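Breakdown of the fold
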Amino acid sequence: MKIFFNRIVRKEPYGGGSHFVTAMVEYLLNHNHEVVFHLNCSDIDVAFLVDPRPGDIGYSINHILNHKNQINPKMKILHRVNECDKRKNTDFMDDLLVQTSNYTDRTVFISEWLKKYFIEKGFKNAANSNVVYNGCNLKHFYPKEKVENNRKIKLVTHHWSDNWLKGFDLYKFIDQNIAGEEYDFTYVGRYNKDYQPQNTRLVKPLWGPELGEEIRKHDIYVTASRFEPCGMHHVEGAASGLPVIYHKDCGGINELCSNHGEEYENFDDFKEKLDLVSSNLNLYKEKISYQNIDINTCCEKFYNEILDLVK
């Protein structure tokens, strides 16, 4: 088969959607399929729409539709939806994604929360939609073999986006009220200009093996992100062997973390959940299902979606 992507491969610190493309392209190549990033041929079997906007290559849903209508009517369009307005407090993505669903042959959401969200927004193609959760590279993200005892508990989070809804209210609270004698806190990645911590260890954006090595230095993964379609950060945290504490309004995050983490509602509740998880670290770690957060599991499910479309 020949599969077109409207986003490119990136092996650097970047958003989760780009890392998915990198993994999916590698998966297809390993299965002896051809991958292209330009609409300059007439024999594309599936157009994999990562985002309906033009983005870094310049191909939007309109370009893909024109190609299908004028050159290659047999081409199928598979759309992976991993975005929504509520995530970043914007006002243009929801309408665009709902409109795009009118022209695609198959839609795959990255969480049940996101699918329900768009059905309520007017998405009408639910019969041709499925859910496939994110995964990460377990060669880069895996638990450390030995954990030191009798030391401060180390907390960590990481984000590519600097949007305040990524949870900077909690990270600021941790810096001012928790980081100190009992707990250490590390923030990895880009951060909001209104977040100016004094007691937090800041680390530049990292990717792949370097990021996995950094996360493994810690004990508990914290995310205060709101309304995440699914997210990658908590997946990489859990794959590194860390229990996850997450906000009750996290969106799709709890669908992967409820088994090996705890939900919190406010700052006081967070402190209680932090103490609970800290006292039962091994119990939470044993509940992590690594197969469910493996990028190969994710890619295999998308591969089956592609095969089904071509059939």
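This report concerns the structure included in the present document. If you're wondering where the values come from, they're calculated on a predicted model, not measured in any experiment.

A few words now on the overall build of the chain. A count of helices and strands for the chain gives twelve helices and twelve strands. For 311 residues, the compact-globule estimate of 2.2 N^0.38 gives 19 Å, and the chain sits close to it at 20 Å. Projected onto its principal axes, the C-alpha coordinates of the chain cover approximately 65 × 40 × 30 Å. A separation of at least 24 residues holds for 68% of the contacts in the chain among residues at least 6 apart in sequence. Surface accessibility of the chain: about 14,400 Å² in total, with carbon and sulfur atoms responsible for 43%. Side chains of the chain carry 39 positive and 44 negative charges; the gap between the two charge centres is 3 Å.

Here we take up the state of the cysteines. Applying the stated criterion across every chain yields a total of zero disulfides. We note that Cys298 lacks a disulfide partner, and the nearest cysteine sulfur, in Cys299, lies 5.3 Å from it. What makes Cys298 buried here is its relative accessible area of 3%.

Considering all chains together, one arrives at 21 aromatic pairs under this definition. Ring centres of Phe168 and Tyr195 lie 5.3 Å apart, and the angle between their planes is 50°; on these two criteria the pair is classed as tilted. You can see Phe168 sitting in helix 6 (residues 168-177) and its partner Tyr195 sitting in the loop between strand 8 (183-189) and strand 9 (201-203), a full 27 residues away along the chain. The residues Phe168 and Tyr195 share a single accessibility class, namely buried. Geometrically, the ring pair formed by Tyr187 and Tyr195 is tilted, given 5.6 Å between the ring centres and 55° between the ring planes. Since its relative accessible area comes to 0%, Tyr187 is described here as buried. For Tyr195, a relative accessible area of 0% gives the class buried.

The two faces of strand 3 (residues 46-49) match: Val46 and Phe48 on one face and Ala47 and Leu49 on the other face are all buried. Bridge count for strand 1 (residues 2-5) against strand 3 is three bridges, and the pairing is parallel. Bridge pairing in strand 3 places Ile3 opposite Val46. The pairing of strand 3 with strand 4 (residues 76-81) spans four bridges and is classified as parallel. Bridging from a neighbouring strand, Leu49 pairs with His79 of strand 4.

Attention now moves to the sheet that holds strand 12 (residues 261-264). With parallel pairing, six strands are arranged side by side in an open sheet as 9-8-7-10-11-12. In this open sheet, the two edge strands, each paired with only one partner strand, are strand 9 and strand 12. Within the sheet, the average angular offset between the axes of one strand and its neighbour, ignoring direction, is 25°. Two elements, strand 10 (residues 220-223) and strand 11 (residues 244-247), share three bridges in a ladder whose sense is parallel. Bridging from a neighbouring strand, Val222 pairs with Ile245 of strand 11. Contacting strand 7 (153-159), strand 8, strand 10, strand 11 and strand 12, helix 10 (residues 267-279) crosses the sheet at an angle of about 170° to strand 12.

Procedures and definitions
- Residues numbered from 1 in each chain as written.
- Predicted model: local features only at pLDDT ≥ 70, side-chain atom pairs only at ≥ 80, totals over all residues.
- Heavy atoms only, no water.
- Helix = DSSP H or I, 4+ residues; strand = E, 2+ residues; numbered from the N terminus.
- Rg over C-alpha atoms; globule rule 2.2 N^0.38 Å.
- Contact = heavy atoms within 4.5 Å.
- Areas by Shrake-Rupley, 256 points an atom, 1.4 Å probe, with all protein chains shown as cover.
- Lys, Arg positive; Asp, Glu negative; His and termini not counted.
- Charge placed at Lys NZ, Arg CZ, Asp CG, Glu CD.
- Disulfide = S-S within 2.5 Å.
- Buried < 20%, exposed > 50% of the residue type's maximum accessible area, 1.4 Å probe, protein only.
- Phe/Tyr/Trp six-rings, centres within 6.5 Å; stacked < 30°, edge-to-face > 60°.
- Pairing = 2+ DSSP bridges.
- Axes fitted to C-alpha atoms, helices over the stretch in contact; angles between N-to-C directions.

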